[in-house]
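Geometric and topological summary
For reference, the chains in residue letters:
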Amino acid sequence: MSDTDEVALARRMKLAKTWNVNPLVAEIVEILLIYGGSAHRNLVAERIAMRRTEERISDGLRREIFEAFDAHCEGAARTGQPSLIFLPFGEGSHRWALTPDVQSFLERGPLNLARPVRPACSR
């Protein structure tokens, strides 16, 4: 395993321990971090597929990734928990982004996330 892969795995484990998120959401977060905190959802999905299989993404995996994003955002909104990811340009946008507090957490260390973090994701 390369040093880069080890760092990515450590970040995903840190995220999973802190927020108990779906592993696929943790992969989305890691890819968004690689792209500076935001990217088009298709780019995120393709990068996840390339990491897993080094092949083009299947429709099934693409759908699974999009559903994981939506489920995370809807669950955060429903429970009042902070969302890790959101649609920075609002409903209908295909650009995904990390919330600022999550990006800081992953780059530096944990913050108090008891306060709301950006608006919940909209579809």
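Values in this document were obtained by computation on a predicted structure and should not be read as measured data. Counting from 1, residues in each chain are numbered in the order their sequence is written. Side-chain atom pairs in this predicted model are given and counted only at pLDDT of 80 or more, local residue features only at pLDDT of at least 70, and totals for whole chains, interfaces and linings cover all residues. Excluding hydrogens and water, the side-chain figures rest on all heavy atoms present in the structure.

1. Brief notes about the nonpolar core
What counts is decided by this rule: For our purposes a nonpolar core is just a set of buried Ala, Val, Leu, Ile, Met, Phe, Trp, Tyr and Cys residues, chained together by side-chain atoms within 4.5 Å. When accessible area is computed with a 1.4 Å probe and restricted to protein chains, residues below 20% of their type maximum are described as buried, those above 50% as exposed, and intermediate ones as partly exposed. Labels follow the DSSP assignment, with helices taken as runs of H or I lasting at least four residues and strands as runs of E lasting at least two, numbered in each case from the N terminus. In this description, contact between two residues means that some pair of their heavy atoms is separated by no more than 4.5 Å.
If you look at the biggest cluster of nonpolar residues, it comprises 29 residues, and the most contacted ones within it are Ile28, Val29, Leu32, Val44, Ile65, Ile85 and Trp96. Secondary-structure elements contributing two or more residues to this core are helix H2 (23–34), helix H3 (41–53), helix H4 (59–79), strand E3 (95–98) and helix H5 (100–107). In terms of residues, this core owes the most to one element, H2, which gives 8 residues. When sequence neighbours within four positions are dropped, the list of residues in contact with Leu32 reads Gly37, Ser38, Ala39, Val44, Ile85, Trp96, Ala97 and Leu98.

2. Considerations on H2
To keep it simple, the criterion reads: Helix span, as expected, comes to 1.5 Å for every residue beyond the first. Whenever two N or O atoms come within 3.5 Å, that pair is a polar contact, provided that in protein one can donate a hydrogen and the other can accept it, and provided that, for residues adjacent in sequence, both atoms are side-chain atoms.
Between its terminal C-alpha atoms H2 stretches 17 Å, which fits the 16 Å expected from 12 residues at 1.5 Å a residue. Counting buried residues along H2, 10 of its 12 residues qualify, which places the element largely inside the surrounding structure. Within the span of H2, buried status applies to Leu24, Val25, Ala26, Glu27, Ile28, Val29, Glu30, Ile31, Leu32 and Leu33. The backbone nitrogen of Leu24 lies 2.7 Å from a side-chain oxygen of the residue at the head of H2, namely Asn22. Just downstream of H2, Gly36 is the residue with a positive phi angle, here 85°.

3. A closer look at the side chain of His72
Along the chain, His72 turns up in helix H4. Leaving out residues up to four positions away in the same chain, His72 has contacts with Val21, Val25, Ser83, Leu84 and Ile85.

4. Focus on the packing of H3 against H4
Note the following rule: Fitting a line to C-alpha atoms yields each axis, with helices limited to the stretch in contact; the angle taken between N-to-C directions then spans 0 to 180 degrees. Small angles under 35 degrees read as roughly parallel and large ones over 145 as roughly antiparallel, with 65 to 115 read as roughly perpendicular and the rest as oblique. By definition, turning the near helix anticlockwise from the far helix through less than a right angle yields a left-handed crossing, and turning it clockwise yields a right-handed one. Just so you know the grouping, Ala, Val, Leu, Ile, Met, Phe, Trp, Tyr, Cys and Pro go in nonpolar, Asp, Glu, Lys and Arg go in charged, and all remaining residues, Gly too, go in polar.
Interaxial distance between H3 and H4 falls to 10 Å at its minimum, and their mutual angle equals 120°. The angle between the axes of H3 and H4 places the two elements in the oblique class. Where H3 crosses over H4, the handedness of that crossing is right-handed. Contacts between H3 and H4 pair Arg41, Asn42, Ala45, Glu46, Ile48, Ala49 and Arg52 from the former with Leu61, Arg62, Ile65 and Phe66 from the latter. Looking at side-chain class alone, the contact of H3 with H4 contains 6 nonpolar, 1 polar and 4 charged residues.

5. Observations regarding the pattern of salt bridges
We apply this condition: What makes a salt bridge here is a side-chain nitrogen of Lys or Arg within 4 Å of a carboxyl oxygen of Asp or Glu, nothing more.
According to the stated counting rule, one finds 1 salt bridge in the structure shown. In this structure, the salt-bridge partner of Glu27 is Arg52, at a minimum N-O distance of 2.5 Å. Of this pair, Glu27 sits in helix H2 while Arg52 sits in helix H3; the two residues are 25 residues apart in sequence, bridging distant segments of the chain.

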